[in-house]
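The chain contents come next:
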Amino acid sequence: MNKGERTTAISLALVFVFRMLGLFMLMPVLALYASDLNGYSLAWVGIAIGAYGCTQALLQIPAGWLSDKYGRKPIIIIGLLLFVLGSIVAAESTSIYGVALGRAIQGMGAIAAAVLALASDLTRPEQRTKVMAIIGISIGMSFAISMILGPFLAATLGLSGLFYVIAIMAVIAIFLVLFVVPTPVHKSKKKAADVKISGVKKVFVNSNLLKLDFGVFVIHCIMTSLFIALPLQLAAHHLAADDHWHFYLPVFLLSFLSLGILMRLGKRNEKVTNLISISCLMVGIMIIGFNPSSLWLIGFGAWLYFSGFNYLEASMPSLLSKIAPDSYRGSASGVYSTSQFLGAFFGGVIGGGLMQLYGAQAIYFLAVVLLVILFVLWRSGFQSIEIKS
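(A) Layout of the overall build of the chain. Along the backbone of the chain there are 14 helices and 0 strands. In the chain, the succession of α and β elements from N to C terminus is α-α-α-α-α-α-α-α-α-α-α-α-α-α. Over its C-alpha atoms the chain spans a radius of gyration of 20 Å, differing by no more than 12% from the 21 Å that the globule rule assigns to 389 residues. Projecting the C-alpha coordinates of the chain onto the three principal axes gives extents of approximately 60 × 45 × 35 Å. Taken across its 389 residues, the chain has 60% of its residues classed as buried.

(B) Structural view of a positive patch on the surface. Together, Lys130, Arg264, Lys267 and Arg268 line one region of the surface with positive charge. Per element, the largest residue contribution to the positive patch is 3 residues, and it comes from helix α10 (residues 244-268). With respect to the element layout, lysine 267 can be found in helix α10.

(C) Quick peek at the packing of helix α3 (residues 42-70) against helix α5 (residues 96-108). At a minimum axis separation of 7 Å, α3 and α5 run at an interaxial angle of 20°. The angle between α3 and α5 places the two elements in the roughly parallel class. As for how α3 packs across α5, the hand of that crossing is right-handed. Along the contact surface, α3 presents Trp44, Val45, Ala48, Ile49, Ala51, Tyr52, Thr55, Gln56 and Leu59, while α5 presents Ile96, Tyr97, Val99, Ala100, Arg103, Ala104, Gln106, Gly107 and Met108. Tallied by class, residues from the contact of α3 with α5 come to 13 nonpolar, 4 polar and 1 charged.

(D) Looking closely at the packing of α10 against helix α12 (residues 295-323). Remark: α10 packs on α12, axes separated minimally by 8 Å, with the N-to-C direction vectors making an angle of 40°. When the axis of α10 is compared with that of α12, the two are oblique. Seen along the crossing, α10 lies across α12 with a hand that is right-handed. Between α10 and α12, the residues in contact are Phe247, Val251, Phe252, Leu254, Ser255, Phe256, Ser258, Leu259, Leu262, Met263 and Gly266 and Leu295, Ile298, Gly299, Ala302, Trp303, Phe306, Ser307, Asn310 and Tyr311, respectively. Its residues assigned to classes, the contact of α10 with α12 shows 14 nonpolar, 6 polar and no charged.

(E) Structural detail: the environment of leucine 82. Mapped onto the secondary structure, leucine 82 falls in helix α4 (residues 72-91). Separated by 88 residues in the primary sequence, leucine 82 and alanine 170 have C-alpha atoms spaced 9.5 Å apart. The contact partners of leucine 82, leaving out residues within four places of it in the chain, are Ile105, Gln106, Met108 and Gly109.

(F) Local environment of the side chain of histidine 244. Tracing the sequence through the fold places histidine 244 in helix α10. A polar contact of 3.1 Å, which involves the side chain of histidine 244, links it to the backbone oxygen of leucine 239. Here histidine 244 is in contact with Leu32, Pro151, Pro231, Leu234, Ala235 and Leu239, once residues within four sequence places are set aside.

(G) Seen up close, the packing of aromatic side chains. Counted under the stated rule, the structure contains 15 aromatic pairs. Ring geometry for phenylalanine 247 against tyrosine 248: centres 5.5 Å apart, planes inclined by 80°, an arrangement best described as edge-to-face. An aromatic cluster is built from Phe227, Phe247, Tyr248, Phe252, Tyr305, Phe306 and Phe309, whose rings are joined through pairwise contacts.

(H) Quick peek at the side chain of glutamate 313. Among the secondary structure elements, glutamate 313 is positioned in helix α12. There is no salt bridge for the buried glutamate 313, and the closest opposite charge comes from arginine 19, which lies 12 Å off by N-O distance.

(I) Summary view of unusual backbone geometry. For histidine 238, which is not glycine, the phi torsion reads 65° and is therefore positive. Positionally, histidine 238 belongs in the loop between α9 (207-236) and α10. Taking the relative accessible area as the measure of exposure, histidine 238 reaches 75% and is therefore exposed.

(J) Focus on a nonpolar patch on the surface. Judged by side-chain polarity, Val171, Phe175, Leu178, Phe179 and Val180 come together as a nonpolar surface patch covering roughly 480 Å² of accessible area. Topologically, phenylalanine 179 is positioned in helix α7 (residues 125-179).

(K) Spotlight on the pattern of salt bridges. Inspection of the entire model under this criterion finds 2 salt bridges. With a closest N to O distance of 2.8 Å, glutamate 5 and arginine 124 form a salt bridge. With a gap of 119 residues between them, glutamate 5 in helix α1 (residues 3-24) and arginine 124 in the loop between α6 (112-121) and α7 connect regions that are remote in the sequence. Residue aspartate 121 pairs with arginine 72 through a salt bridge whose shortest N-O separation is 2.6 Å. Note that aspartate 121 is positioned in helix α6 and arginine 72 in helix α4, a separation of 49 residues in sequence.

Analysis parameters
Residues numbered from 1 in each chain as written. Predicted model: local features only at pLDDT ≥ 70, side-chain atom pairs only at ≥ 80, totals over all residues. Heavy atoms only, no water. Helix = DSSP H or I, 4+ residues; strand = E, 2+ residues; numbered from the N terminus. Rg over C-alpha atoms; globule rule 2.2 N^0.38 Å. Buried < 20%, exposed > 50% of the residue type's maximum accessible area, 1.4 Å probe, protein only. Patch = residues over 30% accessible without salt bridge, like charges linked within 9 Å, V, L, I, M, F, W, Y side chains within 5 Å. Areas by Shrake-Rupley, 256 points an atom, 1.4 Å probe, with all protein chains shown as cover. Salt bridge = Lys/Arg side-chain N within 4 Å of Asp/Glu carboxyl O. Lys, Arg positive; Asp, Glu negative; His and termini not counted. Charge placed at Lys NZ, Arg CZ, Asp CG, Glu CD. Axes fitted to C-alpha atoms, helices over the stretch in contact; angles between N-to-C directions. Parallel < 35°, antiparallel > 145°, perpendicular 65-115°, else oblique. Left-handed = near helix turned anticlockwise from the far one by under 90°. Contact = heavy atoms within 4.5 Å. Nonpolar A, V, L, I, M, F, W, Y, C, P; charged D, E, K, R; others polar. Polar contact = N/O pair within 3.5 Å; in protein donor to acceptor, adjacent residues only side chain to side chain. Phe/Tyr/Trp six-rings, centres within 6.5 Å; stacked < 30°, edge-to-face > 60°.

Structure, rendered in structure tokens:
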């Protein structure tokens, strides 16, 4: 990579890190610390977790299309400002309903599609996969850091303080976009007026992209619902909320060792590595779902689960850049990101409802069913596509 591409990869990875920390840090703590809020229930905890994904899902495609038409940076800045506003609303709330509203406003800052498209705009085709891999790895790293940092900050600052920290991180991301992230100097081969909404429809119905979109939906649906059940499961094993990071730290350190192995394997055989990762998710969920009496066994299942999750989270943006059409990259990224956050929304809402009505076993059963379907769909692999306007 040249200097500009290295700057692009590092700066946009940091933007993603600061943004995704705001999403992930709440997951291991909200079910525990929201009990002090007015109107608390497990169903509303699920809604509060998933509200972010709902508004993200609704706005990712419009934001991706607008970034195709009017430019990436303006959309990203507007999105980050909305994220700051939502964080402040949630920080000032004394009820679970206010927190859910703040989370919904956070989600209105739908920038993932524009960020991924900007990364593609600023890199040569032969280097694009590397840049997307760096961004993907940064997302996985932010998830791991969140599982450790979230419980620590919540124990130190409380839930309100955690939201203020998230707002500050979004402000830092704004400065990165304004002053560090390069601005594309070339003009698109298509004029803004030539970017048709029909391209979004074609992106949305392509079978290769749909398989990828379903995949990101499934892994985020399961991950969101998991963090309604798992923190309570750890608490049932007499692990204090302040000490949950003791569980997550070794799990994620070991899962990143696994990630290195899977990344090397993925360079040689991407399809097989994808299927191995889905299998890790499935087996890990089954182990955790048996509700074993041993915390060590839960940790082993969590290691398998997060090994598979981290690889897929890191590799799928790169896979998207390979198969998405150049002219509608923002739109394709929008559909992909919509699927991701729809998964987070449904995972929160359905997970909270299942947890309240039937217990954690129902969440784990649904997760295994979804992963079996995903495994079958991904067996045939992916091919690149070309879409004509």
